[in-house]
Amino acid sequence: MTTLKDIAKICGVSTATVSNALNNKKNVSEETRQKILEAVKATGFQPDYIARGLRTRKTKVIEVIAENMSLQSSAKIVESITVLCEAQNYKVSLQTIRLYASLGEEWYKQEKAYRTALESILRSVKADGIIYVAGHGRTINMEPEKIHVPMVMAYEYSNSDKIPSVVNDDSQGSYDMTKYLIGMGHRKIGLIGGQIENRHVQERIWGYQKALLEAKILYDPELVRFGSWERSEGYREMESLVKRGVTAVFGITDVIAGGAYDYCMEHGIKVGEDISIVGYCNQEISEYFYPKLSSVDRNLSEIGYWAAQLLIDRLEGKNIRATESKGNIVKCPCTLVIRDSVKKLD
């Protein structure tokens, strides 16, 4: 196994010079730096960040703890965290709690088992800081005094002001989409949501209600349906919404909107002509519906980017760079992606 001393011997320099070159210090000539980098590449040398951390108390490693990597949101957030960290010379170590696999669909109701799994991982962390990537919409109870390194929450809210949170601006995204439907002439707009206790659902409903209120459209609770996150939920709830004469339906996820499409196809209702349907999340499937589904893009990469940047800024003693932060919460704006599933009414 190649060591720092080996690289120094190959290049005819001191180990301190090799270390300075690998850490982009300015007191190394460009010629020497390139010589060292070539030797590193040729030997396959990998710095021992943990050993260096024991000496300097700085590992240049960030621990990412993900609740569920099987979720589309988690994968995109972790990828953007990794890109930002690597650009700023930090390594990423990834651990996943695998909550769905280990505790089932309603793992979030098993607080004791969840705490046991989380605390076991937290005790094992040997990094400069932690980014916690959540998978279920809620406020997460963390105890900063038990976490020995700085921490940032991604995708969900922390209960503590000491732990910054980077989240979607879900209420604004839902407001923008509902306002778009109203601008297209729709006044009777149904909404099919997931589980009511989910914070994402709650915020998207707030945005929906706000847009209706501003347009002086009376909120009708009979047009808002709750249930599971499954595609079958969209299918099941469409029957009652169609009977109530809605002209547009807002699926709180693209998967739920897909279920609404299924119902329309089976009952001879043409989406984009007889009824309008929109979704949320802008998943890849939204482009493969016919007609293509208008949706709200959550800009998940921005969440990962800001979570990593906030943590690195904290570690390096810099001011937080987020332009819009309030109460240690950074809200990343969502974007409307308009396709072909909405008809403009006269």
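Starting from 1, residues in each chain are numbered consecutively following that chain's sequence as written. In view of the model being predicted, local features appear only for residues whose pLDDT reaches at least 70, and side-chain atom pairs are presented and counted only at 80 or more, with totals across whole chains, interfaces and linings using the full set of residues. Excluded from the side-chain calculations are hydrogens and water; all other atoms, namely the structure's heavy atoms, are used.

## Thoughts on the overall build of the protein chain
Along the protein chain, the regular secondary structure elements total 12 helices and 15 strands. Counting across all 346 residues of the protein chain, residues that qualify as buried make up 48%. Residue contacts are defined here by distance: any two heavy atoms, one from each residue, within 4.5 Å place the two residues in contact. Within the protein chain, contacts between residues separated by at least 24 positions form 69% of all contacts whose residues are at least 6 apart in sequence. Helix and strand definitions follow DSSP, with helices as H or I runs of at least four residues and strands as E runs of at least two, each counted in order from the N terminus. Working definition: with a 1.4 Å probe on protein chains only, accessible area under 20% of the residue-type maximum means buried, over 50% means exposed, and in between means partly exposed.

## As for the pairing of strand β5 (residues 151-154)
Alternating residues of β5 divide into Met151 and Met153 and Val152 and Ala154, and every residue in both groups is buried. Here the rule is simple: two strands pair whenever DSSP picks up at least two bridges between them. Pairing of strand β3 (residues 129-133) with β5, which is carried by 4 bridges, proceeds in the parallel orientation. By the bridge assignment, Tyr132 is partnered in β5 with Met153. Across 2 bridges, the pairing between β5 and strand β7 (residues 165-168) is parallel. Opposite Met153, over in β7, you have Ser165 as the bridge partner.

## Things to note about the environment of Glu230
Here Glu230 lies in the loop between β9 (224-225) and α10 (231-243). Taking C-alpha positions, Glu230 is 6.8 Å from Val255, a pair spaced 25 residues apart along the chain. When sequence neighbours within four positions are dropped, the list of residues in contact with Glu230 reads Val255 and Ile256.

## Focus: unusual backbone geometry
Here the residue pair Tyr290 and Pro291 is connected by a cis peptide bond, since its omega of -5° sits within 30 degrees of zero. By the element assignment, Pro291 lies in the loop between β11 (276-278) and β12 (295-297). Located in the positive-phi region is Cys281, a residue other than glycine, with phi close to 115°. With respect to the helices, strands and loops of the structure, Cys281 is situated in the loop between β11 and β12. Using a relative accessible area of 9% as the deciding quantity, one classes Cys281 as buried.

## Notes on the sheet that holds β11
Read from one edge of the open sheet, 4 strands run β9-β8-β10-β11, paired in parallel fashion. The open sheet has two free edges, formed respectively by β9 and β11, since each of these has just one partner strand. Direction of pairing for strand β8 (residues 189-192) relative to β9: parallel, over a ladder of 2 bridges. Counted as the bridge partner of Leu191 is Val224 from β9.

## Structural notes on the packing of aromatic side chains
Working definition: rings of Phe, Tyr and Trp (its six-membered ring) pair if their centres are within 6.5 Å, and the pair is stacked with planes under 30 degrees apart, edge-to-face with planes over 60 apart, and tilted otherwise. Evaluated as defined, the whole model comprises 5 aromatic pairs. Arranged with centres 6.3 Å apart and planes meeting at 20°, the rings of Phe250 and Tyr280 form a pair that is stacked. Here Phe250, found in strand β10 (residues 248-251), pairs with Tyr280, found in the loop between β11 and β12; they are 30 residues apart in sequence, far enough to count as distant. Each member of the pair Phe250 and Tyr280 is classed as buried. Relative to Trp306, the ring of Tyr305 lies with its centre 5.1 Å away and its plane at 85°, an arrangement referred to as edge-to-face.

## Some points on the nonpolar core
Counting residues in each nonpolar core, the largest one holds 42 residues, and the members touching the most others are Met238, Val249, Ile275 and Ile277. Elements with a contribution of two residues or more to this core: α8 (170-183), β8, α9 (199-214), α10, β10, α11 (254-266) and β11. Of all the elements, α11 adds the most residues to this core, at 6 residues. Among buried residues, those of type Ala, Val, Leu, Ile, Met, Phe, Trp, Tyr and Cys that are joined through side-chain atoms within 4.5 Å constitute a nonpolar core. Ranked by size, the runner-up nonpolar core spans 26 residues in total, among them Val64, Ile81, Trp306 and Val330.

## Some remarks on α10
A residue's bend is simply the angle between two axes: one fitted to the seven residues ending at it, one to the seven starting at it. Its maximal kink placed at Glu237, α10 deviates by approximately 30°. Of the positions making up α10, those classed as buried are Glu233, Gly234, Glu237, Met238, Ser240 and Leu241. Buried-residue contacts for α10 involve β8, β9, β10 and α11. Once α10 finishes, Gly245 follows within two positions and takes phi at roughly 80°, a positive value.

## Some details on the state of the cysteines
Cysteine sulfur atoms that come within 2.5 Å of each other are treated as a disulfide pair. In this structure the tally under the stated criterion is 0 disulfides. Not engaged in a disulfide, the cysteine Cys281 finds its nearest cysteine sulfur in Cys334; these two sulfurs lie 9.0 Å apart.

## Observations regarding the pattern of salt bridges
Salt-bridge detection follows one rule: a side-chain nitrogen of Lys or Arg within 4 Å of a carboxyl oxygen of Asp or Glu. According to the stated counting rule, one finds 9 salt bridges in the structure shown. One salt bridge in this structure joins Glu30 and Arg33, with 3.7 Å as the shortest N-O distance. One end of the pair is Glu30 and the other is Arg33, both in helix α3 (residues 30-43) and 3 residues apart, which spans about a single turn. For Arg33, a relative accessible area of 12% puts it in the buried group. Close ionic contact of Arg204 with Asp170 constitutes a salt bridge, the shortest N to O distance being 3.2 Å. Note that Arg204 is positioned in helix α9 and Asp170 in helix α8, a separation of 34 residues in sequence. For the pair Arg204 and Asp170, a shared accessibility class is recorded, and that class is buried. In this structure, a network of salt bridges that share partners links the residues Glu222, Arg225, Glu237 and Arg244.

Without other data, these values stay purely geometric and don't point to any function.
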